[in-house]
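Next come the chains, spelled out residue by residue.
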Amino acid sequence: MAGPRFPKRYADVAQRLRVPCGFLVAACFIWLSQPSVASLAVGLPVAAAGLMLRAWAAGHLEKNLRLVDSGPYAHLRNPLYAGTLLAAAGLAMAARRPLIGLLFAVFFTLAYLPAIQQEEQHLKNLFPAYAAYAGRVPLLWPRWRGVGSPRRFRWGLYRRNREYQALAGFAAGVAVLLLKL
């Protein structure tokens, strides 16, 4: 994995604290947001694109059952995290506060990058072909020409992976922004 390497002990703590810290970041988002019609027009489509990337990924993901290389996984190894990053960037733009963007960036770096690192190690141990896949497919920035299998999106996987929770979180974020407009 390119980027910072986190000690396992830190990554374990970050993994446990990711959700509680996420609620703290959400509270800061609610408190600090100062949206305008223009910021919503720019930020919400970006956030929606991130949510759609997450949904597309969830409809292909069969956790721990097979090495997924279809759909967005043919273009990048971590489309769920990339979608989260894109959605957060869009919500920060919509909120019209650079501090929120900085807070999201710090949170992603300190909480999500260690999780990605741990997941990469887990996948290397679980799937012998993962190292070759990781050599072909970038971590977070997409390779536009896919190199994966032709499997199709499945709504059952979307539901099984509970991606509707991200949709609910997005809707709540949009509602906050609209109320603060």
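Here, every reference points to the structure presented above.
A brief look at the structure comes next. Here the structure is a predicted model, which is why all the values come from computation and not from measurement.

**Looking at a nonpolar patch on the surface**
A grouping of Tyr10, Leu99, Leu102, Val106 and Leu110 is seen on the molecular surface, where their side chains present a nonpolar patch of about 430 Å² in accessible area. In terms of residue count, helix α4 (residues 98–126) provides more of the nonpolar patch than any other element does, 4 residues in total. Mapping Leu99 onto the fold places it in helix α4.

**Regarding the nonpolar core**
Formed by 28 residues in total, the largest nonpolar core has its most connected members in Phe29, Leu44, Leu91, Ile100, Phe104 and Leu177. Discounting residues that sit within four places of it in the chain, Phe104 has contacts with Val25, Phe29, Ala88, Leu91 and Ala92. Residues Leu61, Val68, Tyr130 and Ala134 belong to the second largest nonpolar core, which totals 10 residues.

**Examining the packing of helix α2 (residues 37–58) against helix α3 (residues 79–95)**
In the contact formed by α2 and α3, the axes pass within 7 Å of each other and the chain directions differ by 165 degrees. When the axis of α2 is compared with that of α3, the two are roughly antiparallel. The crossing of α2 and α3 is left-handed. Looking at the contact of α2 with α3, its residues break down into 18 nonpolar, 6 polar and 1 charged.

**Digging into the pattern of salt bridges**
Summed over the entire model, instances satisfying the criterion amount to 5 salt bridges. Among the ionic pairs, Asp12 bridges to Lys8, the shortest N-O distance being 3.0 Å. Placement of both Asp12 and Lys8 in helix α1 (residues 8–32) is noted, with a separation of 4 residues, approximately one turn of the helix. Since its relative accessible area comes to 25%, Asp12 is described here as partly exposed.

**A look at the packing of α2 against helix α7 (residues 164–180)**
Angle between the axes and distance between the axes: these two values describe a pair of packed helices. Interhelical geometry of α2 versus α7 gives an angle of 170 degrees and a closest axis separation of 10 Å. If you check the angle between α2 and α7, you find them roughly antiparallel. Side by side, α2 and α7 meet where Leu40, Leu44, Ala47, Ala48, Leu51 and Arg54 of the first sit next to Ala166, Leu167, Phe170, Val174, Leu177 and Leu178 of the second.

**Looking at unusual backbone geometry**
Positive phi values are uncommon outside glycine, yet Asn64 reaches one of about 65 degrees. Relative accessible area serves as the criterion here: at 47%, Asn64 is assigned to the partly exposed category. In the Ramachandran plot, Arg162 falls in the positive-phi region, its phi being about 55 degrees despite a non-glycine side chain. Tracing the sequence through the fold places Arg162 in the loop between α6 (155–160) and α7.

**Comments concerning α3**
The terminal C-alpha atoms of α3, which comprises 17 residues, lie 24 Å apart, in line with the 24 Å expected from a rise of 1.5 Å per residue. Where burial is concerned, most of α3 is hidden: 13 out of the 17 residues are buried. Just past α3, the residue Arg96 takes up positive phi, approximately 65 degrees.

**A look at the packing of aromatic side chains**
Within this structure, the stated rule accounts for 8 aromatic pairs. Aromatic pair Phe107 and Tyr112: ring centres 5.6 Å apart, planes at 85 degrees, arrangement edge-to-face. For the pair formed by Phe107 and Tyr112, the shared burial category is buried. Taken together, the aromatic side chains of Tyr81, Phe107, Phe108 and Tyr112 make up a single cluster linked through ring pairs.

**Concerning the environment of Gly135**
For Gly135, the location among the structural elements is in helix α5 (residues 130–136). Overall, Gly135 belongs to the exposed group, its relative accessible area being 68%.

So, how was this worked out
- Residues numbered from 1 in each chain as written.
- Predicted model: local features only at pLDDT ≥ 70, side-chain atom pairs only at ≥ 80, totals over all residues.
- Heavy atoms only, no water.
- Patch = residues over 30% accessible without salt bridge, like charges linked within 9 Å, V, L, I, M, F, W, Y side chains within 5 Å.
- Areas by Shrake-Rupley, 256 points an atom, 1.4 Å probe, with all protein chains shown as cover.
- Salt bridge = Lys/Arg side-chain N within 4 Å of Asp/Glu carboxyl O.
- Helix = DSSP H or I, 4+ residues; strand = E, 2+ residues; numbered from the N terminus.
- Core = buried A, V, L, I, M, F, W, Y, C linked by side-chain atoms within 4.5 Å.
- Buried < 20%, exposed > 50% of the residue type's maximum accessible area, 1.4 Å probe, protein only.
- Contact = heavy atoms within 4.5 Å.
- Axes fitted to C-alpha atoms, helices over the stretch in contact; angles between N-to-C directions.
- Parallel < 35°, antiparallel > 145°, perpendicular 65-115°, else oblique.
- Left-handed = near helix turned anticlockwise from the far one by under 90°.
- Nonpolar A, V, L, I, M, F, W, Y, C, P; charged D, E, K, R; others polar.
- Expected span 1.5 Å × (residues − 1).
- Phe/Tyr/Trp six-rings, centres within 6.5 Å; stacked < 30°, edge-to-face > 60°.

All quantities given are derived from atomic positions and should not be read as evidence of function.
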